[in-house]
Structure formats: structure tokens, C-alpha cells
Amino acid sequence: MTRDSLFLKTLAGKAAAIPPIWFMRQAGRYLPEYRELRSKAGSFLDLCFDPALASEVTLQPIRRFDLDAAILFADILLIPHVLGQQLSFQENEGPKLDPVIRPGDVDRFRQRDILEPLEPVFETVRRTRAELAPEKALIGFAGAPWTVATYMLAGGSLRDMAVLRQWHYRDEAFLLELIDLLTEKTVDYLIAQIDAGADAVQLFDSWAGGLPWPVLDKVSVRPLERIAMAIEKARPETPVILFPKGVGEKATEYACLGGCDAVGIDYAMDPTWARAHLSGHTAVQGGLDPMLVVAGGERMEKAAEIYLKLFHDVPYIFNLGHGLTPDTPPEHVGALVDFIRGGGLKTK
Ligand code: 1CP
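Residues numbered from 1 in each chain as written. Predicted model: local features only at pLDDT ≥ 70, side-chain atom pairs only at ≥ 80, totals over all residues. Heavy atoms only, no water.

Asker: An account of the packing of aromatic side chains is requested, with residue identities and associated values reported.
Answerer: Evaluated as defined, the whole model comprises eight aromatic pairs. Where F204 meets F243, the ring centres are 6.4 Å apart and the plane angle is 85 degrees; that geometry is what we call edge-to-face. Taken together, the residues F204 in strand 5 (residues 200–205) and F243 in strand 6 (residues 240–244) connect sequence positions 39 residues apart. Both residues of the pair, F204 and F243, count as buried. Here Y316 and F318 contribute two aromatic rings whose centre-to-centre distance is 6.4 Å and whose plane-to-plane angle is 85 degrees, an arrangement assigned as edge-to-face. (Phe/Tyr/Trp six-rings, centres within 6.5 Å; stacked < 30°, edge-to-face > 60°. Helix = DSSP H or I, 4+ residues; strand = E, 2+ residues; numbered from the N terminus. Buried < 20%, exposed > 50% of the residue type's maximum accessible area, 1.4 Å probe, protein only.)

Following this line, the structure appears as C-alpha cells:
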């Protein structure tokens, strides 16, 4: 099915006068309507596994800001959860996965069926697709194997890249085996999301930054290539967006991968460099510092204008260089959408 969607046309390689817009982490804690539903649902996991509520949360930012794409409300840590690591969220502490993974777990986890326990997520996709207007796209997603592996190994958020690199050097075989398992499961998970109605899929490699090249290639580039190629083969109509955060000039490696339809750029990347080195290979998405949306006003608009100008003649999806944060005033998000849709500074 081809949907008449600005977002999907851009992913198919067409430049638009005004780019399609969506925001990473567009549903969630900065929205009062989310906080209200979240408190009714009980835990975050209860919300993710309740298709009626999860679908409502997915649609909230579309209703408020009329964005071009909705992103499924779920989390990258649902795969480890259904593999057997209990996921919980402590107030102000971030996610916990219990117990941490051990080498012997990989074979056992490989036998686990993840699709049956994740059925509520696919039902959320079906319900959301049925409620969305046809010109709005629905994005499915998963964490990239490396990023998910870091949480599985640390039992939660580990912000210390040195420790992550040590794991690689200490027991490379175990790490690569874990990444291989996650690569396999992620393909199944994304294909099931596509079959339920997702129009495109995004892979978040939030912790790809700061890895030495040969390690980055092994743990991030190659697994994402396998996933993108597998999706291209199995569901050739469905575009794949890769968001390798913090990889700098190595973003070209991702942009050139078979099966990659767009690369998300982070806020640290020079957009002029991205225009010169990525746009010839693939569509580009994002870039603007989410802290500028917290700040709002003229600074936000001037910075957004840079992306509009640089990417006006190539396929570009307006988005941020990482997710919206809980302290973002929703009015600033609305003002940013109006600014982009109004054609930027030239009409002001
Ligand atoms: O307390 C709450 O209500 C839970 C907060 C929350 C939300 C709203 C979490 C916990 N996850 C989500 C939803 C979510 N997570 C979505 C769907 C909603 C949307 O984007 O609009 C998506 C796409 C994610 C992706 C995600 N989860 C990433 C990749 C993107 C990124 O921010 O880098 C990561 C790293 C996670 C793990 C995670 N889950 C939740 C939190 C707070 C975190 C980050 C933990 C950390 O900083 O290490």
C-alpha cells in the first residue's frame, strides 16, 4: 500500500518545499495529557502493554501539533524484558533490568519467542494505524542491538563508555553473540510491527558514540546493516531510518548501507557537513538541539532556519538531534511546528 504521506515521500527520496515534521520522544513526560494517563495506568510497563492507552499516548502529540508522523508508544527495553530480564523504572533513577545478562543466558534467550508476549504492542500498532489519518505515517521502532546490549549488561543505564569498551575487549565472543541474538530478534520484532501497520521503522543507536572504529563497525554498523537488509528483503516497501547518535563522520558508513533510507543526525553534528556528506546517499533527519526547544523563542527559530536552508533542495525530515526532554514547554514545540510550516524566517 502506498500512502499519500509527505513523510514517506521524503523517505522515498523526494525533496519538499516544507519538510515533514516529527520529534523523537514526542509522546511522553513533557505533555500534561501524557502525565495524566500515565498516573492512571500505574506503571510505565502497564501503559506499554495496554493497547488502548498506548495507542492514545501515541496519538496525543499528533492531535496537539498535527505532526506528519506518529511513533509507536513502547520502549527499546521491551525486548530484554520479554527475553527474561524484568524491566522496572525507579523514580528519577531510570530503567532497571534484573538480573543482568550472563554468557550462559544467550542460548536460552535465543529459544524464547518474543512475538507472543509482545502481541499487545502489535495490537497498539493496529489500533493506532486505524485511527490515524491516511496522510499521517506511523513509525515503528526498536533499539539498535548495541544500545540494547549496554542496558542488558549493565542492568540499566550505564553512562560510562570506558566500561562498555572494557566488556568488548574482555569477552568479545560473548558481546558479539549477544548482539547477534538481538539482531535476529529485532528483525522479527520490526517485521511484526510492519505487518501490524507500521509504515516505516527507526533504529535508535543512542549509545553508539565514543566507540573506536573497529568496535563501532562490529557492534553497530554491521548489525544495523543486517537489520536494514533483512527488512528490505522481507518488506521492500518499508523505509528504514537509522539514528546512530554521536558517531560524527562515521555517519557516512550508515548512510551508505544497503536498506538504509534515512540517517538521523544528532545535535553535535555540523549540519553543513551532513548536507555535504550524507545527503547524496540518503535522506537526512533531525539535528536541532532539543535544548533549543527548551529555550524556545528567536534562538530556537534561528537555529531551525539553518536546517531549513541547508536541506531545502534534498530529502530532509525535520526533527531534533535527540529526544524532547521532560522539561520542554509544549508551547515551544507548537511554536517550532508553526515556524517550520510557515516556511521559516522568510515569511516573518
Ligand atoms: O516515566 C515514564 O513515564 C517513562 C518515560 C519513558 C517514555 C515516555 C520511557 C522510559 N520510555 C518512553 C517511551 C519511549 N522510549 C519511546 C516512545 C515515545 C516517543 O518517542 O514518543 C521511544 C521511541 C523510546 C526510545 C528509548 N527508550 C531510547 C532511544 C531514544 C533515546 O532517548 O536515546 C532509549 C535509550 C530508551 C530507554 C529508556 N526508556 C525510558 C527512559 C527514561 C529511557 C532512557 C534511560 C537512559 O537515559 O538511559
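Let's pick the thread back up.
Asker: Can you tell me about the site of the ligand, naming the residues and giving the values?
Answerer: Taken together, 23 residues sit near the ligand, with Y34, R38, Y151, S157 and S206 positioned nearest. With respect to the ligand, the side chain of D75 contributes an N or O atom lying 2.7 Å from a nitrogen atom. Contacts to the ligand include Y151, whose side-chain N or O atom sits 2.6 Å from an oxygen atom. Here the ligand loses 90% of its free accessible area of 890 Å² to cover by the protein chains. Broken down by class, the residue content of the shell around the ligand amounts to 13 nonpolar, five polar and five charged. (Near = heavy atom within 4 Å. Polar contact = N/O pair within 3.5 Å; in protein donor to acceptor, adjacent residues only side chain to side chain. Areas by Shrake-Rupley, 256 points an atom, 1.4 Å probe, with all protein chains shown as cover. Nonpolar A, V, L, I, M, F, W, Y, C, P; charged D, E, K, R; others polar.)

Asker: Describe the pairing of strand 4 (residues 137–143), and please don't skip the residues or the numbers.
Answerer: Where burial is concerned, most of strand 4 is hidden: seven out of the seven residues are buried. In strand 4, alternate side chains face the same way, and those of A137, I139, F141 and G143 on one face and L138, G140 and A142 on the other are all buried. The pairing of strand 1 (residues 69–71) with strand 4 spans three bridges and is parallel. Bridge pairing in strand 4 places A69 opposite A137. With five bridges joining them, strand 4 and strand 5 adopt parallel strand pairing. Following the sheet pairing, G143 is matched in strand 5 by F204. (Pairing = 2+ DSSP bridges.)

Asker: Got a sec to walk through the pairing of strand 6? Specific residues and values, please.
Answerer: Taken across its five residues, strand 6 has five buried, putting it largely inside the fold. Taking every second residue as pointing to the same face, both faces of strand 6 are buried, with V240, L242 and P244 on one and I241 and F243 on the other. Judged from the five bridges that link them, strand 5 and strand 6 form a sheet pairing that is parallel. Within strand 6, the residue paired with V201 across the bridge is V240. As for the winding sense of the linkage, the β-α-β connection from strand 5 through helix 11 (residues 213–234) to strand 6 is right-handed. In the sheet, strand 6 pairs with strand 7 (residues 262–265) via two bridges, with the strands oriented parallel. Across the sheet, residue L242 finds its bridge partner in strand 7, namely V263. (Right-handed = clockwise from strand over helix to strand, strands pointing away.)

Asker: Outline the sheet that holds strand 5, supporting the account with residue identities and numerical values.
Answerer: As summarised here, the arrangement of the seven strands in space is 1-4-5-6-7-8-9, forming an open sheet in which the pairing is parallel. For this open sheet the edge positions go to strand 1 and strand 9 (316–317), each flanked by a neighbour on one side alone. Docked against the sheet, helix 10 (residues 172–196) engages strand 4 and strand 5, running at close to 165 degrees with respect to strand 4. (Contact = heavy atoms within 4.5 Å. Axes fitted to C-alpha atoms, helices over the stretch in contact; angles between N-to-C directions.)

Asker: Explain the packing of helix 8 (residues 145–154) against helix 10 to me, using residue names and the numbers behind them.
Answerer: Between helix 8 and helix 10, the shortest axis-to-axis distance is 9 Å and the interhelical angle comes to 120 degrees. The pairing of helix 8 with helix 10 is recorded here as oblique in orientation. In this structure, helix 8 crosses over helix 10, and the sense of that crossing is right-handed. Facing helix 8, whose interface residues are P145, W146, V148, A149, M152 and L153, helix 10 presents F174, L175, L178, I179, L182 and T183. When the residues that make up the contact of helix 8 with helix 10 are grouped by side-chain class, the tally is eleven nonpolar, one polar and no charged. (Parallel < 35°, antiparallel > 145°, perpendicular 65-115°, else oblique. Left-handed = near helix turned anticlockwise from the far one by under 90°.)

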